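Coordinate inspection notes
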Amino acid sequence: MQTKILDVVSIGEILIDFVGKQSNCPLAEVTDFHRAAGGGPANVAVGVARLGGRAGFIGKVGRDAFGDHLQKVLEENGVDTRGLLRDDAANTTLVFVALNERAVPEFVFFRHGTADTRLAPVELPQEVLADTRILHFSSVSLAVEPARSATLEAVRLARAAGAVISFDPNLRLSLWPDAAKARQELLEAVKLADIVKLNDGELRFLLGAKAETLAAGAMALLARGPRLVAVTLGEHGALLAGRERKIQLPALPVHVVDTTGAGDAFMAGMLVVLAEGIQQGMDPGVLDSAWLERLGRWGNAAAALTCTRPGVMPALPIRGEVEKLASQGTGNGISRKEN
């Protein structure tokens, strides 16, 4: 078996979040913002690196001050940046975000023709794709060309080199022409993935009546090709389902300060455990209860710890913190074998 240098490589958007300082305030009324490095795949790469995994990132930023900052953040966190490209003709992508009075994030993307959308298939660093155990992507890079074609080609190349494929829908409807197109593209992406992580709202969006229960929705997604589906449930924990077993784990009790980025932290925690299992020769297609529980506990612990601090990348936990929290209450998950 070929030795892989990297555990997880993320491909997709990397951007600057301008996060509203006022809490419980509609974005239209926010007057003060602070800058933060962001983008779901970039968050996952940093999260993996902080948990002791060897992470890489593939994406594009402008040759501007914001691009300089994003490259510095990745490098300071130990992320391999061979795949981070600079665009001389487009600026780095910006997003403005605030938690409204219902504590629901509101987003405005400045992403028309910006750098992350311009990644082309011919620019992909094939040596990085060949060197990873897991390739992770989300739907944001599928919403516009040429980033869509580049992402799909990266998935093809990584799978051909033996990588496991991880997908997070990370639904942002404002980036799509309509909901039907978003649903179609996301369901097609599910077919390409071995691992899918999504929240309960995204599950219902994708499957409608087929997701009448969480378990039914997870099984319906598994029937489309993945080997593992993880459904995050916020304060209610997470459901992880393989083709033979599923397990539901409660959330870990913490004092919540900011939930932004919890899903990316969950994914990073889960992928670190998955990569370590693959390195030890375990087959991600055969998920017993113990492995499912470890995946879920690390995901839950990473997400919970991220919620105790403001921001996303600065809030992502380190390995010792996750190990300690994940060990609390081991064995409390409800496991079932599928018939």
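Heads up: the structure comes first, above all this text.
All values derive from a computational prediction rather than experimental measurement.

1. A few points about the overall build of the protein
- Looking only at helices and strands, one finds ten helices and 14 strands in the protein.
- Along the longest, intermediate and shortest principal axes, the C-alpha atoms of the protein span 55 × 50 × 40 Å.
- The 339 residues of the protein split such that 57% are buried.
- Of the roughly 14000 Å² of accessible surface on the protein, 52% is carried by carbon and sulfur atoms.
- Treating the 36 positive side-chain charges of the protein as one cloud and the 39 negative ones as another, the clouds have centres 4 Å apart.

2. Description of the packing of helix 8 (residues 262–279) against helix 9 (residues 289–307)
- The geometry of helix 8 relative to helix 9 is characterised by a closest axis approach of 7 Å and an angle of 145 degrees between their N-to-C directions. The hand of the helix 8/helix 9 crossing is right-handed. Residues Ala262, Ala265, Phe266, Gly269, Met270, Val272, Val273, Leu274, Glu276 and Gly277 of helix 8 lie in contact with helix 9, whose contacting residues are Trp291, Arg294, Leu295, Gly296, Trp298, Gly299, Asn300, Ala302, Ala303, Thr306 and Cys307.
- Class assignment of the residues belonging to the contact of helix 8 with helix 9 gives a composition of 13 nonpolar, six polar and two charged.

3. What to know about the nonpolar core
- Ranked by size, the top nonpolar core spans 59 residues in total, and within it Leu240, Met270, Leu274 and Leu295 carry the most contacts.
- With twelve residues, helix 8 is the largest single contributor of residues to this core.
- Ignoring any residue separated from it by four or fewer positions in sequence, one finds Leu295 in contact with Leu228, Leu240, Met270, Val273, Leu274 and Leu287.
- Listed in part, the 49 residues of the second largest apolar core include Val95, Leu187, Ala211 and Ala241.

4. Examining the side chain of Thr132
- On the secondary structure map, Thr132 appears in strand 8 (residues 132–138).
- Assessed through its relative accessible area of 0%, Thr132 is described here as buried.
- At 3.3 Å, the side chain of Thr132 and the backbone nitrogen of Val9 are in polar contact.
- From its side chain, Thr132 meets the backbone oxygen of Ile134 in a polar contact 2.8 Å long.

5. Quick word on the pattern of salt bridges
- All chains considered together, the criterion is met by 26 salt bridges.
- The partner of Asp7 in a salt bridge is Arg133, with the nearest N and O atoms 2.7 Å apart. Residue Asp7 is found in strand 1 (residues 6–11), and its partner Arg133 is found in strand 8; the two are separated by 126 residues along the sequence. As far as burial versus exposure is concerned, Asp7 and Arg133 are alike and both buried.
- In this structure, Asp87 engages Arg118 in a salt bridge whose closest nitrogen and oxygen atoms are separated by 2.6 Å. Separated by 31 residues along the polypeptide, Asp87 in strand 5 (residues 80–87) and Arg118 in the loop between strand 7 (105–110) and helix 3 (126–130) bring together distant segments of the chain.
- Overall, Asp87 belongs to the buried group, its relative accessible area being 5%.

6. Considerations on the sheet that holds strand 2 (residues 15–20)
- Taken in spatial order, the four strands of this open sheet run 3-2-6-7, and their pairing is mixed. Of all strands in the sheet, those bounded by a partner on one side alone are strand 3 (33–38) and strand 7. Taking each pair of neighbouring strands and ignoring which way they run, the sheet shows an average axis angle of 25 degrees.
- As judged from the six bridges shared by strand 6 (residues 94–99) and strand 7, these two strands associate in the antiparallel manner. Looking at strand 7, one finds that Leu94 is bridged to Phe110.

Each value, and the rule that gives it
- Residues numbered from 1 in each chain as written.
- Predicted model: local features only at pLDDT ≥ 70, side-chain atom pairs only at ≥ 80, totals over all residues.
- Heavy atoms only, no water.
- Helix = DSSP H or I, 4+ residues; strand = E, 2+ residues; numbered from the N terminus.
- Buried < 20%, exposed > 50% of the residue type's maximum accessible area, 1.4 Å probe, protein only.
- Areas by Shrake-Rupley, 256 points an atom, 1.4 Å probe, with all protein chains shown as cover.
- Lys, Arg positive; Asp, Glu negative; His and termini not counted.
- Charge placed at Lys NZ, Arg CZ, Asp CG, Glu CD.
- Axes fitted to C-alpha atoms, helices over the stretch in contact; angles between N-to-C directions.
- Left-handed = near helix turned anticlockwise from the far one by under 90°.
- Contact = heavy atoms within 4.5 Å.
- Nonpolar A, V, L, I, M, F, W, Y, C, P; charged D, E, K, R; others polar.
- Core = buried A, V, L, I, M, F, W, Y, C linked by side-chain atoms within 4.5 Å.
- Polar contact = N/O pair within 3.5 Å; in protein donor to acceptor, adjacent residues only side chain to side chain.
- Salt bridge = Lys/Arg side-chain N within 4 Å of Asp/Glu carboxyl O.
- Pairing = 2+ DSSP bridges.

By themselves, these figures tell us nothing about what the structure is for.
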